[in-house]
Amino acid sequence: KEIKNPALNAKIVWFDVKTQIEKRMPYKRAIKQAIQKSMEKWAKWIKIKVWGRLNGAEIARKETFKEGNIPTQTIRSDIDYTTMRA
């Protein structure tokens, strides 16, 4: 099935971020570029959570990046999400 706008598909966006993180690119830069690209393609909101040993640090931590007005209580919203391991 062909995807018309890959910047608005959660799996494709996260796969791009995941491959950049695996290539040792700074995770903040990779995530901010993905958010910017999605918002340019008319995404209403985007939220990315990452956790673990970020940038090879000794201590694991969690970070959340979000842009736009994210509805957390609305059932009617069409939300596309995914989880992957890097």
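Reading the values: rules and limits
- Residues numbered from 1 in each chain as written.
- Predicted model: local features only at pLDDT ≥ 70, side-chain atom pairs only at ≥ 80, totals over all residues.
- Heavy atoms only, no water.
- Axes fitted to C-alpha atoms, helices over the stretch in contact; angles between N-to-C directions.
- Helix = DSSP H or I, 4+ residues; strand = E, 2+ residues; numbered from the N terminus.
- Parallel < 35°, antiparallel > 145°, perpendicular 65-115°, else oblique.
- Left-handed = near helix turned anticlockwise from the far one by under 90°.
- Contact = heavy atoms within 4.5 Å.
- Nonpolar A, V, L, I, M, F, W, Y, C, P; charged D, E, K, R; others polar.
- Phe/Tyr/Trp six-rings, centres within 6.5 Å; stacked < 30°, edge-to-face > 60°.
- Buried < 20%, exposed > 50% of the residue type's maximum accessible area, 1.4 Å probe, protein only.
- Lys, Arg positive; Asp, Glu negative; His and termini not counted.
- Salt bridge = Lys/Arg side-chain N within 4 Å of Asp/Glu carboxyl O.

S.K.: Explain the packing of helix α1 (residues 10-22) against helix α2 (residues 27-40) here, please?
M.R.: Pairs of packed helices are described in terms of their axes, by the angle between the two and the distance that separates them. Between α1 and α2, the shortest axis-to-axis distance is 9 Å and the interhelical angle comes to 155 degrees. What the angle tells us is that α1 and α2 run roughly antiparallel. As for the relative orientation of α1 and α2, their crossing is right-handed in sense. Here α1 contributes Val13, Val17, Gln20 and Ile21 to the contact with α2, which in turn contributes Tyr27, Ala30, Ile31, Gln33, Ala34 and Ser38. Of the residues belonging to the contact of α1 with α2, the class tally is 7 nonpolar, 3 polar and no charged.

S.K.: Help me out: how do you make sense of the packing of aromatic side chains in this one?
M.R.: According to the stated counting rule, one finds 1 aromatic pair in the structure shown. Aromatic pair Tyr27 and Phe65: ring centres 6.5 Å apart, planes at 70 degrees, arrangement edge-to-face. Here Phe65 lies in strand β2 (residues 61-68) and Tyr27 lies in helix α2, a separation of 38 residues in the sequence. For the pair Tyr27 and Phe65, a shared accessibility class is recorded, and that class is buried.

S.K.: Just to check I follow, could you spell out the side chain of Lys18 for this structure?
M.R.: Assignment of secondary structure puts Lys18 in helix α1. Despite being buried, Lys18 has no salt bridge partner; Glu22 is the closest side chain of opposite charge, sitting 4.0 Å away. Apart from the residues within four sequence positions on either side, Lys18 is in contact with Met84, Arg85 and Ala86.

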